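Below, each chain spelled out in residue letters.
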Amino acid sequence: MNYSVEKLSSLIDAKLIGNNKANISFVLTDSRSLCFPEETVFFALKSERNDGHHFIPELYRRGVRNFVVQ
């Protein structure tokens, strides 16, 4: 399924920051599984063992431009 960033932000009731007009085809929660960075949104999840926010700089360097953060 393919969603615009605007549609995705409205679906999850999130504040949209920036003006990226990307279409999202892939949801990523594990930074090791990145395949199509320009079509990916990364959900930076926190758990008892890890914090996805630590992986944002690396994913940005690899081309991801869409993130859901706390």
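Sequence order as written defines the numbering, with residues in each chain counted from 1. Residue-level local features of this predicted model are given only where pLDDT is at least 70; pairs of side-chain atoms are given and counted only at 80 or more, and the full residue set underlies all totals for whole chains, interfaces and linings. Only hydrogens and water are set aside when side-chain values are computed; all heavy atoms of the structure are taken into account.

Quick notes on the packing of aromatic side chains
Under the convention used in this document: Here the aromatic set is Phe, Tyr and Trp, taking the six-membered ring for Trp, and pairing holds for ring centres within 6.5 Å; pairs whose planes are under 30 degrees apart are stacked, those over 60 apart are edge-to-face, and all others are tilted. Each helix corresponds to a stretch of at least 4 residues labelled H or I by DSSP, and each strand to a stretch of at least 2 residues labelled E; elements are numbered beginning at the N terminus. Working definition: with a 1.4 Å probe on protein chains only, accessible area under 20% of the residue-type maximum means buried, over 50% means exposed, and in between means partly exposed.
Taken as a whole and judged by the stated rule, the model has 2 aromatic pairs. A centroid spacing of 5.0 Å and a plane angle of 20 degrees characterise the contact between phenylalanine 26 and phenylalanine 36, whose relative ring orientation is stacked. With phenylalanine 26 in strand S3 (residues 26-28) and phenylalanine 36 in the loop between S3 and strand S4 (40-43), this pair connects stretches of sequence that are 10 residues apart. On the accessibility criterion, phenylalanine 26 (34% relative accessible area) is partly exposed.

Remarks on the pattern of salt bridges
Cut-off, in case you're wondering: Think of a salt bridge as a Lys or Arg side-chain nitrogen and an Asp or Glu carboxyl oxygen that are within 4 Å of each other.
Taken as a whole and assessed by the stated rule, the structure comprises 3 salt bridges. Among the ionic pairs, glutamate 6 bridges to lysine 21, the shortest N-O distance being 3.6 Å. Placement of the pair is glutamate 6 in helix H1 (residues 5-11) and lysine 21 in the loop between H1 and strand S2 (23-24), with a sequence separation of 15 residues. Judged by its relative accessible area of 31%, glutamate 6 is partly exposed. A relative accessible area of 65% means that lysine 21 is categorised as exposed. Residues arginine 32 and aspartate 30 are paired through a salt bridge, measuring 2.8 Å at the closest nitrogen-oxygen approach. Note on arginine 32: relative accessible area 72%, which makes it exposed.

Let's talk about the environment of threonine 40
Put simply, the rule is: Any two residues whose heavy atoms approach within 4.5 Å at even a single point are treated as in contact.
With respect to the secondary-structure elements, threonine 40 resides in strand S4. On the basis of relative accessible area, threonine 40 is assigned to the buried category, the value being 2%. With 30 residues separating them in the primary sequence, threonine 40 and glutamine 70 have C-alpha atoms 18 Å apart. In this structure threonine 40 touches Ile24, Phe26, Leu28, Leu34, Val64 and Asn66, once residues within four positions along its chain are discounted.

Some details on the sheet that holds strand S5 (residues 66-68)
Our working rule: Here the rule is simple: two strands pair whenever DSSP picks up at least two bridges between them. Structural elements are reduced to axes, namely lines fitted to C-alpha atoms, with helices fitted over the stretch in contact, and the angle between N-to-C directions of any two is expressed from 0 to 180 degrees.
As summarised here, the arrangement of the 3 strands in space is S3-S4-S5, forming an open sheet in which the pairing is parallel. The sheet is open, and its two edges are formed by S3 and S5, each paired on a single side. The mean inter-strand angle of the sheet, taken between neighbouring strand axes irrespective of direction, is 25 degrees. Sheet topology places S4 next to S5; 3 bridges connect them, and they run parallel. Bridge pairing in S5 places phenylalanine 42 opposite phenylalanine 67.

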